[in-house]
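# Geometric and topological summary
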Amino acid sequence: GYCVFYDECGRNPLLNNTLVDPIVPCLNYTRVCPMFDQGENSTYACCTIKQLASLEKSLTLSKAVLVRCPSCAYNFAHLHCINTCSPNQSQTVKVTKVLNVTELNRTREAVVGYQAFIGKTFADTSFQSCKNVRIPATIGGYAIATMCGRYGAKLCTPQRWYDFQGDSSNGLAPLDIDFKIIQEGDTTGVPEGVVPYDGVALMCNETTPTGGDVCSCQDCQESCPSVLPPPPVAGHFTLLGTDGYLVISIILLILLILSFVLYLSVSCLVASHKNKKKGIHRGKGKDKDSDKVLLLSLIVVAVFSVGLKDIKLTTDPVELWSAPNSRARQEKEFHDTYFDPFYRTNQVILTAPGRKGHIYDSLLFGPQNFSGIMSKELIIELLELQTRIQNIEFWSDDLNRTASLKDVCFAPLNPNNPSQTDCAVNSLPQYFQNSLDNINAKVYMTHSPLSFKDITDLGMSCMADYGAPVFPFLAVGGYENDAFSSAEAFILTFSLNNYARSDPKFKVAMQWEKEFLKIVQEYQKDPKNSFTFAYMAERSLEDEINRTTAEDIPIFMISYAVIFVYIAVALGEYSSWKRLLVDSKFLVGLGGILVVACSVLASMGFYSWIGIPSSLVILQVVPFLVLAVGADNIFIFVLEYQRDVRRPHETREEQIGRVLGNVAPSMLLCSLSESVCFFLGALSTMPAVKSFALYAALAVLMDFVLQMTAFVALLSLDARRQDNNRCELLCCIKVSKQRPKKPNKGFLMPFMKKYYAPVLLHRYTRIIVIVVFIFMFCGALFLMMNVKVGLDQELAMPQGSYMLTYFQYLNKYFEVGVPVYFVTKKGFNFTSVDGMNAVCSSVGCDQFSLTQKIQSYVAIPANSWVDDFIDWLNPQSKCCRLYTSGPNAGHFCPANESGLICTKRCLGRPENDTVRPTVEEFNLYLPDFLTNRPDLQSISCKIFFTPVSPASRFMAYHTPLTNSQEFTAALKMARELADEITVGMRSVPGTSPDFEVFPYTITYVFYEQYLTIVNEGLFNISLCLLPTFVVCCLLLGLDLRSGLLNLLTIVMIVVDTVGVMTLWSIDFNAVALINLVTAVGISVEFVSHMTRSFALSIKPTRVERAIEATAKMGSAVFAGVAMTNLPGIIVLAFAKAQLIQIFFFRLNLVITLLGMAHGLIFLPVVLSYFGTYIIFLWVLYV
C-alpha cells in the first residue's frame, strides 16, 4: 500500500461555522495514533506532525465524551488514524472528491471527500465497545446519542454511527467520509486493490495497548462483576397454601366459638348462687346560688379563652405530619442548609386529543408515528403561551418595584444575576431556543434530543436558551420506548427558587405563581385555545386546601345546627300540648351546646397561651368529639332527673343533687377515661396527633367540669322555671296546666324495657349475638391485616379541583418520578484517589461505587460531579486548559477560548489513561470546574453545578410513582440503598466513622410517617385503651371483670372499625389514626355507662341486671351518643372536601354504628354471660 493523501492544505472551503477547524489533507506519531508506534526508525505513517495535531484536535470533542471508556476511545481513534495516517492507506481509502485550496499564495489539490472500507467485525466490535458509554452530566444519557445524528442511542447502528462521523455537516468532521462496512469475504462494491480494514478492535472489558484500564460497569456491561441474584421477594404470609391471616382468623373464630359453647355447657351443668349486696347512693343538695356558679364558670372560660388572641393555625403539611426530630425533617434541614431548598415547580401538561396523527414513511427511520400534538402549529402556540408566562410582570410591595420571572426563577447557570433567558424553563420549544424563526425554518423530529447540534443544513443548536440540554422526559410525555414523535403531551415547566417563608422574596414568588395561575386559567377559557391541559403551581395544594376548608365551614355549621335542634327537641318531656313551651328544653339544649363550645374554646385558648399551635384537624374533630361526650352526659343527667320523682319534703336543689349523685360517677368514669386516654395519646411523635390529643384531653376535662358546675346550675334554673309553669324564652307567661306527678319515662326506656331488652337477652338470641360478633371480630382481624397504609395526595383536594386533573395527567404522561438526591455529609475525603474511586463510575472506579450502586436502583442514573470533574480534567478533552501566554499565563483557560493561546492541558496524560488528580491539583482546579459555564463548544465538559464542601449530593430520578404505597416503598428502598452506600464508603481510608449518606427528595417528609405509622398507631391506641381499663376498675371498686369486659368491647369496636376501613377503601394514615383515637373515646361513652349500670344493679340474675341496664342506661346512651352523632355525621356527606367525606363522614359513621352495635347489642349479652357476681358500690357525696 501507499499514501493516498499527505500533509495539510488549509481549511475546507465548503464548511463554515464548525465546532472544530475543518483542516483538510493534501492529495499526493505518537500520542494520537499509538497503534502505529513500532519504535524509533521503524514507525511509518502518511502524516506530518502538523497533520497529526489537526487530527488530534478533530477527535478531541468526540473523544471527550468517550474517554470514560479507554478501549472505546482507542477504537474510535484507531479507525480515523488508519484512514488518515496508515502507510497502507491506498488499501482502505479511495478518494472521491478533491478541490483546489489556496493557502499562503500556494494552490494545491485538497481531499474533501473519500470512501473508507471497514471490515464488519472491526466495525461491530468498535460500536459495541462504545454503545453503553454514558455522559453523567446528562443524567445518564448515552454518549452514542450525541454521535449518531438524528437516530439517537436507541436506533443507532454501526453504519449510522460511522455515517455521522463522516458527515461534515455535524461540525466535527473536517471532510466527507463515506464509510463502507464490508462483510468478511464479500467483495461486492469493493474497488480493485482495496482491502477492507480488518484490524483488531478492543472489547470494552479489555485493556488498551497504552495501558488503559478496562471500562467501568456503568459504561460496559461485560465489565460488571457477577452478582448473586437477590433473594426471592418474600411473598404474602401463607399457611396451608392460602392466606395465613385468613387461616389464623378462621382458627381463632373456631376456638372462640368452641370456648363459648364449652362455657354454655358448663353453665348448664353447674348452678352457682351469688349473694348480692345492696348499694346505697346518697346525693348532697346543690347550692341555690346557681347564678353565681354560672358567672364563675363564665369567668374561668373567659380567662382561658383570652389566649385565643395568640392562636396560630398550622397549615404547613410538613409541620403537621412530620416531627421536628424525625429523620426526614433532620435530613431536609441538612439539605436546605448546605444547598438551596428544593425549587418550586409550576407546570402545564398539554394534550390535543382531538387532533389526528399520521404515519410518516421515512427513508431513514422507516414508518414513524407522529401523534396529533406533534405539529408545527401547536408547537408555535405552545411557544406563545410560554412567552406570555415568561413576560409576567407585577408590582411587588416587598421589592418596591415591578417584579418579573427573573427575580424569583431558578437559574442554575447564572444564579447571582440572572436574565430572563437564564431562567430554567423546560419545554419542547427550548430545542429551538424558544426562537420562532428556528421553528419556522424547519420542524423535524430527532431521536437524539441530547445532541449538541443537529446535522441538517440549519446547523442549529439543540440546547436550551439557558445553556443546559433539554431532557425529553421534561419536554414531552406519553411516549413509549423513546418514541418521542408519538408523544401525546407537551410539558411546560417553570422552576422558581424556594425561599424561606420569612424571606421577602417568598411573597414575590407567591405573587408570580398567582399571576401564572391567572394567565393559565384565562388561556383555558379562551375558545381559540387548541389544547386540553392540566396545570399546577407550587402554591396550588395549599390554596385548594384552604379554599375547600372555607367552603365546607357552612357544612360544619349546618351539622352543629342539626345536632343542636335534635338535643333541644329530644330533651323535652312533652306531656301535653298546653305545656309544650314549658316542658321543652331549648335553653337546656342550648346550654349544653354552649358548655361544649366553651370547653373547646377554653382548651384552644389555654394551649394558644402556652404556644402550642392548633390546626384545621383540631377545629374539625375536637368539637365533634366533645359534643359526643358532652351530649351523652347531658342526656344521662337530664333523663335521670326527668325519670325521678321528688321525695316528700325534698327541695328541688336536693333532688338535683341526689340525681347527680347517681349519675356523676358514671360521667366521671367516662370523662376521666377519655381525658387520660388523650393525654397519653400526646406521647405520639406526630405533631398533628400530639396537638390533637392535647387539645381533646383538656377539652373533655373542661367539659366535665363545666357540666358539674355551669350545666347543673343551668338545669336548676330551668327546673325552677318548669316548676313555676313558665314558658321557655317567654318567662313572664305562665301556663295553668300543671306538671304531671308521674315521672316522664319517655319513649325509649319503656320500649327498650318491654320489647328490645327481652328479645335481645332471650336465651337463643344471646347465642346468635355472640356467634355473630365473634365472626365479625375474626373477619375484621383478617381485613385489618390488609388495610392499605397511606394517603394519596388526590384525597386532599376537593371534588372538581383543577389539581385532580393535574394528578391524572401527571400519572398518565410523565415518564419519570420525582428527582432524588443522595447527599453525603462531611467526613469523606473526595480529594484522595480512593475517595474518588469510591464515588465515580468511569474507568478505574470501584465496581461497587456510590454511582454504580445508585444506577442499579433508580430510573435514570445519578448525575455525578466527581465523574464530570475527572472527565473535565482529562487531557484528551479540551475542557481544562491553561493559558500559555499573556497576562494569564499558567491560569485556567475557559473551553471557549482559542486553542492558540491555551495549548497546555491542566494535567499530563496518565500512563494507564486513568485520570486522577493529586490532592493539590484537585483543590486547585475544582473552583474553576464549578464556575466555568458550559457553552456549545464545551457542553461535553459539564452541565450541572454542585457545591461539594462540606456536603455533596448526587441527583437521580425515581421511577414513576403514582400512589402513597409506591412513594413509601421508594423511600424505604432509597434508605436501604443509602445505608449500604454508607457502609461501603466508610471503609475508604480516611473516612470519618460518623460519615453518612442519605437520600432526599421533597416528598420524603410526607411519606416517612407511613414507615412507622402502624407501630405508632398500635402504640397510641394501646395507650388510650389502658386508662379505660384502669379507671373503670378503680371507679367500680377494683372490679377487674367489668374492666376487662369494658376493655374487650372497646377493642372489638376498634378492630371492627379498621376492618370496615378495608372494605370501604379508607386508608390507614395520620388522619385515620386521629379518628381511631377518637373512636376509643366515643366507645367509652357507648360502653362504660352500660358496664357501670350493670355492675350497680341489684337484680338477682345477670340477665335481669342486663335487662335493667339496657332499658335504663341503654336508652340514654342511644339518645345521647348515637342519635346526637348520626344527624351531624350524615350532613358531612355533602362536604366538597374528599378528606371530610372519607375520614369524617365515612369513618365517623362506621365508628358510631359499630359503637352503637357493640354497646347496645353485644355488651348487654356478654354481661349477661360473664358479668360480675359481686356488686361494688361507692358512696359518693356530691
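The protein chain carries the name NPC1 like intracellular cholesterol transporter 1 in an unreviewed UniProt entry, which gives Oreochromis niloticus as its organism. Per UniProt, the protein chain has the following entry under Subcellular location (unreviewed entry): "Endomembrane system". Per UniProt, the comment on the protein chain under Sequence similarities (unreviewed entry) is "Belongs to the patched family."

In terms of helices and strands, the protein chain carries 32 helices and 27 strands. Of all 1182 residues assigned to the protein chain, the portion counted as buried reaches 56%. Roughly 49,900 Å² of accessible area belongs to the protein chain as shown, and the carbon and sulfur atoms make up 60% of that amount.

Judged by pairing direction, the sheet is antiparallel, and its 3 strands sit side by side in the order β24-β23-β25 without closing on themselves. Two strands bound the open sheet, and with one partner strand each, they are β24 (892-893) and β25 (904-905). Pairing between strand β23 (residues 881-882) and β25: 2 bridges, direction antiparallel. Of the residues in β25, the one forming a bridge with R881 is R905.

What follows covers the sheet that holds strand β21 (residues 819-824). Taken in spatial order, the 4 strands of this open sheet run β22-β26-β21-β27, and their pairing is antiparallel. Looking at strand neighbours, the two that pair on one side only are β22 (860-863) and β27 (997-1000), the edges of this open sheet. The mean inter-strand angle of the sheet, taken between neighbouring strand axes irrespective of direction, is 20°. Pairing of β22 with strand β26 (residues 952-957), which is carried by 2 bridges, proceeds in the antiparallel orientation.

Further remarks concern the packing of helix α19 (residues 748-760) against helix α31 (residues 1102-1131). Relative to each other, α19 and α31 sit at 130°, their axes nearing to 8 Å. On the basis of the axis angle, α19 is oblique to α31. The crossing of α19 and α31 is right-handed. Here L748, M749, M752, K753, Y756 and A757 of α19 come into contact with α31, specifically with I1107, T1110, A1111, K1112, G1114, S1115, F1118 and A1119. Of the residues that constitute the contact of α19 with α31, the class distribution is 9 nonpolar, 3 polar and 2 charged.

For Q433, which is not a glycine, the phi torsion comes out positive at approximately 55°. Examined against the element boundaries, Q433 turns out to sit in the loop between β16 (425-426) and α11 (436-441). Positive phi values are uncommon outside glycine, yet N434 reaches one of about 55°. Inspection of the secondary structure assignment puts N434 in the loop between β16 and α11.

What follows covers the pattern of salt bridges. Counted under the stated rule, the structure contains 18 salt bridges. A salt bridge links K180 to D178, with the nearest nitrogen and oxygen atoms 3.3 Å apart. Judged by relative accessible area, K180 falls into the partly exposed class, the value being 31%. A salt bridge links E522 to R388, with the shortest nitrogen-to-oxygen separation between them at 3.1 Å. Within this pair, whereas E522 is found in helix α12 (residues 504-525), its partner R388 is found in helix α10 (residues 376-390), the two being separated by 134 residues in sequence. Residue R388 is classed as partly exposed on the basis of its relative accessible area, which comes to 38%.

Turning to the environment of D503, a few remarks are in order. For D503, the location among the structural elements is in the loop between β18 (489-496) and α12. Of the residues examined, D503 reaches a relative accessible area of 29% and is grouped as partly exposed. Along the primary structure D503 and D398 are separated by 105 residues, whereas in three dimensions their C-alpha atoms are 9.7 Å apart.

Applying the stated criterion to the full structure yields 43 aromatic pairs. Ring centres of F304 and F606 lie 5.8 Å apart, and the angle between their planes is 45°; on these two criteria the pair is classed as tilted. Taken as a pair, F304 in helix α7 (residues 290-305) and F606 in helix α15 (residues 586-609) lie far apart in primary sequence, 302 residues in all. Since its relative accessible area comes to 30%, F606 is described here as partly exposed.

So, on to a nonpolar patch on the surface. On the surface, L295, I299, V303, V306, W609 and I610 cluster together into a nonpolar patch covering about 560 Å² of accessible area. Considering each element in turn, the nonpolar patch owes the most residues, 3 residues, to α7. Tracing the backbone through its elements, the reader meets V303 in helix α7. Since its relative accessible area comes to 42%, V303 is described here as partly exposed.

It is worth spelling out the packing of helix α16 (residues 616-643) against helix α17 (residues 652-681) at this point. Axis separation between α16 and α17 bottoms out at 9 Å; the angle between their running directions is 155°. One way to sum up the angle between α16 and α17 is to call them roughly antiparallel. The two elements α16 and α17 meet at a crossing, and its hand is right-handed. Only R652, Q655, I656, V659, L660, N662, V663, M667, S671, E674 and F678 of α17 make contact with α16, whose side of the interface consists of L625, V629, N633, I636, F637, E640 and Y641. For the contact of α16 with α17, the per-class residue count stands at 11 nonpolar, 4 polar and 3 charged.

Time to look at helix α26 (residues 964-986). For α26, built from 23 residues, the straight-helix expectation of 33 Å at 1.5 Å per residue is met to within 8% by its first-to-last C-alpha distance of 33 Å. Turning to α26, its buried residues number three or more, namely S964, F967, T968, A970, L971, A974, R975, L977, A978, I981, T982 and M985. Close packing links the buried residues of α26 with α9 (327-338), β21, α23 (850-855), β27, α27 (1004-1007) and α28 (1009-1035). The backbone nitrogen of Q965 lies 3.1 Å from a side-chain oxygen of the residue at the head of α26, namely N963.

On the secondary structure map, D176 appears in strand β7 (residues 176-182). By relative accessible area, which is 33% here, D176 ends up partly exposed. Taking the C-alpha atoms as reference points, D176 and T96, separated by 80 residues in sequence, lie 9.3 Å from one another. If we skip the residues at most four places from it in the chain, D176 touches V112, G113, Y114, G166, D167 and S168.

Side chains that are nonpolar tend, in soluble globular proteins, to be buried together. Counting 150 residues, the largest nonpolar core has V622, F637, F678, F692 and F1143 as its most contacted members. Leaving out residues up to four positions away in the same chain, F692 has contacts with I618, V621, V622, L625, F678, I1074, V1077 and T1078. Of all hydrophobic cores here, the second largest spans 86 residues; its members include I380, A487, F531 and M536.

Moving on, we get to the confidence of the model for the protein chain. As a general rule, the predicted coordinates of low-pLDDT regions are not to be interpreted in detail. For the protein chain, the mean per-residue pLDDT works out to 81, and 86% of the residues sit at or above 70. Contacts from residues 271-287, a stretch scored under 50 in pLDDT, to residues over four places away or in other chains number 41 contacts. Here residues 1174-1182 is modelled with pLDDT under 50, and outside its nearest four sequence neighbours on either side it reaches 32 contacts, counting other chains as well.

Before going further, it helps to spend a moment on the state of the cysteines. Inspection of every chain in the model, using the stated rule, returns 10 disulfides. A sulfur-sulfur distance of 1.7 Å marks the disulfide that ties C47 to C85. Here the S-S torsion is close to -95°, and the disulfide linking C47 with C85 is therefore left-handed. Here the residue C47 occupies a position in the loop between β2 (23-27) and α1 (49-66), and C85 occupies one in helix α2 (residues 70-85), the gap between them amounting to 38 residues. Both residues of the pair, C47 and C85, belong to the buried class. At a sulfur-sulfur separation of 1.7 Å, the disulfide partner of C69 is C215. Negative torsions about the S-S bond denote left-handed disulfides, and the value of about 75° found for C69 with C215 makes this one right-handed. Taken as a pair, C69 in the loop between α1 and α2 and C215 in the loop between β7 and β8 (238-239) lie far apart in primary sequence, 146 residues in all. For the pair formed by C69 and C215, the shared burial category is buried.

Rules of the game
- Residues numbered from 1 in each chain as written.
- Predicted model: local features only at pLDDT ≥ 70, side-chain atom pairs only at ≥ 80, totals over all residues.
- Heavy atoms only, no water.
- UniProt positions renumbered as here; feature names shortened; annotations may be inferred.
- Helix = DSSP H or I, 4+ residues; strand = E, 2+ residues; numbered from the N terminus.
- Buried < 20%, exposed > 50% of the residue type's maximum accessible area, 1.4 Å probe, protein only.
- Areas by Shrake-Rupley, 256 points an atom, 1.4 Å probe, with all protein chains shown as cover.
- Pairing = 2+ DSSP bridges.
- Axes fitted to C-alpha atoms, helices over the stretch in contact; angles between N-to-C directions.
- Parallel < 35°, antiparallel > 145°, perpendicular 65-115°, else oblique.
- Left-handed = near helix turned anticlockwise from the far one by under 90°.
- Contact = heavy atoms within 4.5 Å.
- Nonpolar A, V, L, I, M, F, W, Y, C, P; charged D, E, K, R; others polar.
- Salt bridge = Lys/Arg side-chain N within 4 Å of Asp/Glu carboxyl O.
- Phe/Tyr/Trp six-rings, centres within 6.5 Å; stacked < 30°, edge-to-face > 60°.
- Patch = residues over 30% accessible without salt bridge, like charges linked within 9 Å, V, L, I, M, F, W, Y side chains within 5 Å.
- Expected span 1.5 Å × (residues − 1).
- Polar contact = N/O pair within 3.5 Å; in protein donor to acceptor, adjacent residues only side chain to side chain.
- Core = buried A, V, L, I, M, F, W, Y, C linked by side-chain atoms within 4.5 Å.
- pLDDT = per-residue confidence, 0-100.
- Disulfide = S-S within 2.5 Å.

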